[in-house]
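Structural overview
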Amino acid sequence: MWNSPKVGILGGGQLGRMLVESANRLNIQANVLDVDNSPAKQISSHDGHVTGSFKEPDAVRKLAETCDVITAEIEHVDTYALEEVASKVRVEPSWQAIRTIQNKFNQKEHLRKYGIPMAEHRELVNNTPEELAQIGEQLGYPMMLKSKTMAYDGRGNFRVNSKEDIPEALEALKDRPLYSEKWAYFKMELAVMVIKTKDDVLSYPTVETVQEDSICKLVYAPARNVSDAINQQAQALARKAVSAFEGKGAFGVEMFLLEDNSLMLCELASRIHNSGHWTIEGCALSQFDSHIRAILDLPIPPKSLELLQPSIMLNIIGGATPDSHLKATQAALAIPNASIHLYSKGAAKPGRKMGHVTVTGATMHEAETMIQPLVDVVDTMRA
Ligand code: ATP
Ligand code: MG
Ligand code: MG
């Protein structure tokens, strides 16, 4: 038996909350660093939580004193504080991995050395219109201007359709470190959750993700109409990319499947990920269960990461009204095989992830048919 290890989690949003759900089932105490009453703290009553931010060194130091291993539900944390506490407490994945990955440009420079295919890109040094216009000539239009740091849910991306869009793009992402990416003409987006353990690199099945306005809307597990060969390539790419980083735990790998059936990395996350929420119902061990086990060196039977049944996950995203997520929930309640996960974030704000629903079926077609009424409701509520 293990000696009741305590896990410290930087961040108490929905990902932290679902990690706590997994920790709770193993009687593992999870100490969360975030504001009081954050979604993860709400379902975990003990005096080990820390109030503050994962960007404050003092708060990270305080959390380190309370636990045996520290992990993060988000990559935008103070990695200098993590580096400091790493001499006293285990940090998983490593602070080096989180530091490289949290800057998308550095992440890509690092992965390039390992031969991971990705969209051609250029760094901006001065963020001037002239500089971006020159990059536009090299990469062509449209191109995706991206913030190197603090990017999530597409907040940090701006599609530049032509030279005329440059002033608006620079205004939208002003005061942020930037790079620009060649447009990826993908026919589908794929993702693979990878679990790095002390001596293995395991992975969940390849899924198809659908983004709307750069934010994840739907995930199909397994990916629909994808050949075995592409599936194997996606698995290999994801494992190779994650192997380029030190540390244990879950990593989310997002990819583009291009018209010529080649694959390109979109980005990698050093944490549990939205594209893996379906694993809660779709597999014997969820990505959250596996993350907790990986960072504590507990066994993960690879068979437990296999698909049990086709699954579709739909995000419930804040719409035009503060109660939009509740209307979506109302519709989900009537759907067979629908598992509803609300994150308890209070009132909805446009674009904010408020919850998700996973529908499983004996076949993908059955799951698609069952979830369609809910997709229709969500589509009418968009902000
Ligand atoms: P996440 O919430 O996954 O962290 P993010 O804000 O970091 O997202 P990206 O994953 O880089 O942003 O991009 C979000 C989405 O924008 C992608 O899933 C894809 O749909 C689109 N996108 C990103 N880069 C490109 C590109 N070079 N060409 C075309 N579309 C792109
Ligand atoms: Mg991202
Ligand atoms: Mg992404």
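What counts as what
Residues numbered from 1 in each chain as written. Chains lettered and ligands numbered in written order. Predicted model: local features only at pLDDT ≥ 70, side-chain atom pairs only at ≥ 80, totals over all residues. Heavy atoms only, no water. Helix = DSSP H or I, 4+ residues; strand = E, 2+ residues; numbered from the N terminus. Near = heavy atom within 4 Å. Polar contact = N/O pair within 3.5 Å; in protein donor to acceptor, adjacent residues only side chain to side chain. Nonpolar A, V, L, I, M, F, W, Y, C, P; charged D, E, K, R; others polar. Donors = N, O, S within 2.8 Å, 3.2 Å for Na, K, Ca; no water. pLDDT = per-residue confidence, 0-100. Phe/Tyr/Trp six-rings, centres within 6.5 Å; stacked < 30°, edge-to-face > 60°. Buried < 20%, exposed > 50% of the residue type's maximum accessible area, 1.4 Å probe, protein only. Contact = heavy atoms within 4.5 Å.

All right, on to the environment of aspartate 213 then. Note on placement: aspartate 213 falls in the loop between β12 (207-212) and β13 (215-221). Aspartate 213 sits 145 residues away from threonine 358 along the chain, and the two C-alpha atoms are 21 Å apart.

With that settled, the discussion passes to the site of ligand 1. Among the 20 residues in the neighbourhood of ligand 1, the closest are listed as Lys104, Asp153, Gly154, Glu189 and Glu267. Within the backbone of glycine 154, one N or O atom sits 2.7 Å away from an oxygen atom of ligand 1. Residue glutamate 254 places a side-chain N or O atom 3.2 Å away from an oxygen atom belonging to ligand 1. Looking at the shell around ligand 1, the elements with two or more residues in it are β7 (143-147), β9 (178-182), β10 (186-196), β14 (249-258) and β15 (263-269). Counted by class, the shell around ligand 1 contains 8 nonpolar, 4 polar and 8 charged residues.

For the rest of this paragraph, the subject is the coordination of the magnesium ion (ligand 2). With distances of 2.2 to 2.4 Å, the protein atoms coordinating the magnesium ion (ligand 2) are Glu267 (OE) and Glu267 (OE). A separation of 3.8 Å is found between the magnesium ion (ligand 2) and the magnesium ion (ligand 3), which are bridged by glutamate 267.

Detailed reading of the predicted coordinates is not advisable wherever pLDDT is low. Averaged over every residue, the pLDDT of the chain is 96; the share at 70 or more is 99%. The complex prediction reports pTM at 0.97, with the ipTM value standing at 0.98.

A complete count under the given rule lists 3 aromatic pairs for this structure. The interplanar angle of 55° and the centroid separation of 5.8 Å between the aromatic rings of phenylalanine 105 and tyrosine 179 together place this pair among those described as tilted. Within this pair, whereas phenylalanine 105 is found in helix α6 (residues 104-112), its partner tyrosine 179 is found in strand β9, the two being separated by 74 residues in sequence. Accessibility classification places phenylalanine 105 together with tyrosine 179 in one group, the buried group. Between phenylalanine 186 and phenylalanine 256 the ring centres are 5.1 Å apart and the planes differ by 0°, which places this aromatic pair in the stacked class. One end of the pair, phenylalanine 186, is in strand β10; the other, phenylalanine 256, is in strand β14, and 70 residues separate them in sequence. Owing to a relative accessible area of 7%, phenylalanine 256 belongs among the buried residues under this scheme.

Quick look at helix α7 (residues 129-139) now. Among all positions of α7, only Glu131, Leu132, Ala133, Ile135, Gly136 and Leu139 are buried. In this structure, the buried residues of α7 make contact with β6 (121-123), β7, α8 (166-172) and β9. Phi turns positive, to about 80°, at glycine 140, one or two residues after α7.

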